[in-house]
Amino acid sequence: MALIAVLLAGCSSSLMDGLMGDSEGASASSSSSQALSAGLSPDMSMATENAEVAKLYNEGLAQLEKGQSKSAITKFSEVERKYPYSSFATKSILMQAYASYKAFRWDDAVIAANRFVTLHPGHRDAGYAYYLIAVSNYNKIADTKRDQTATKQALAALEEVAQRYPGTAYAADAAQKVVVARDHLAGKEMEVGRFYFRERSYLAGINRFKRVVTEYRNTSQTPEALYRLAEGYMALGIVSEAQTAAAVLGHNYPDSDWYRDAYRLVSSDGQAPVQNDESWISKTFASVNPF
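Residues numbered from 1 in each chain as written. Predicted model: local features only at pLDDT ≥ 70, side-chain atom pairs only at ≥ 80, totals over all residues. Heavy atoms only, no water.

(A) The arrangement of the environment of Arg217 in detail. Mapped onto the secondary structure, Arg217 falls in the loop between helix 12 (202–215) and helix 13 (222–236). Arg217 gets classed as partly exposed once you look at its relative accessible area, which sits at 24%. Sequence separation between Arg217 and Asp183 is 34 residues, and the spatial gap between their C-alpha atoms is 9.3 Å. (Helix = DSSP H or I, 4+ residues; strand = E, 2+ residues; numbered from the N terminus. Buried < 20%, exposed > 50% of the residue type's maximum accessible area, 1.4 Å probe, protein only.)

Printed below as a string of structure tokens:
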């Protein structure tokens, strides 16, 4: 959760601020942040086809820079409504998405960004719009005690950005957030599994922990999930599977406290954590290096 907090707090502010072009804050940032920002600024040149378009659009920018996001959204919406065939009408849709993001209105940001990519799928800023969708969903991630729909949506959007725009700043930042989103989903499975174990519903709990090691095995939740599998199988009297879970845990995470606990658990009746190669646990980890 500490990792989640750090990444959520950062949430690529430099990437977002890059949409506004260079600023005093941007110039004071690190060179790596500047490099990320540089490629994410859309064309901010003045409109030449109509002076009124330029006036409205630039008023929106000025209000956004002052932190007046709602007023900025109104101005950008007015540009789109009054001058629908202007190139700045297109940009205004994206700026509505960005202004909504700055105002912490994640759902509005997603709606506007989705509208942008639907109307202008080939636009050069489509990647940024997809990125806004992803990080807006990402910022809706709550703690593991709540419904994880937003987390799943964020994960899907982040993976899409990483796949569609490889080698870009969008993909690099999205890939980092994918790790957190997957860990979050694994954490939810762990929470439910622990609940079942407390209720002595061991088979139901095992199914949750199985999902962690099969679907989210590269997350920080995996060591505990393997221990819980050993615990559950021991409770059910399936000693071979318990031994296998402990052995796989020891092989992949030898310094983990969970392994020490698992070793004591399966050795309590004189049994050693010997791996059964035919177990689903062994096959899951056969060709996997968690790190």
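That covers the picture; the talk isn't over yet.
(B) The arrangement of the pattern of salt bridges in detail. According to the stated counting rule, one finds 16 salt bridges in the structure shown. We note a salt bridge from Asp108 to Arg105, for which the minimum N-O separation is 3.0 Å. For Asp108, a relative accessible area of 32% gives the class partly exposed. Between Arg228 and Glu231 there is a salt bridge, and its shortest N-O distance comes to 3.0 Å. Linking Arg228 with Glu231, this pair stays in helix 13, spanning three residues, or about one helical turn. Looking at Arg228, the relative accessible area reads 17%, which means it is buried. Taken together, the shared-partner salt bridges connect Arg194, Glu224, Arg228 and Glu231 into one network. (Salt bridge = Lys/Arg side-chain N within 4 Å of Asp/Glu carboxyl O.)

(C) Here's a closer look at the packing of aromatic side chains. Summed over the entire model, instances satisfying the criterion amount to 14 aromatic pairs. Between Tyr259 and Tyr263, the aromatic rings sit 6.2 Å apart at their centres with planes inclined by 70°, giving edge-to-face as the arrangement. Of the two residues, Tyr259 and Tyr263 are both situated in helix 15 (residues 257–267); the distance of four residues between them amounts to about one turn of the helix. In this structure Tyr263 comes out as partly exposed when scored by relative accessible area, which is 39%. An aromatic cluster is built from Tyr128, Tyr130, Tyr131, Tyr165 and Tyr170, whose rings are joined through pairwise contacts. (Phe/Tyr/Trp six-rings, centres within 6.5 Å; stacked < 30°, edge-to-face > 60°.)

(D) Expanded view of helix 11 (residues 169–198). Between the first and last C-alpha of helix 11 there are 44 Å, a value that for 30 residues agrees with the 44 Å anticipated at 1.5 Å per step. Just downstream of helix 11, Arg200 is the residue with a positive phi angle, here 65°. (Expected span 1.5 Å × (residues − 1).)

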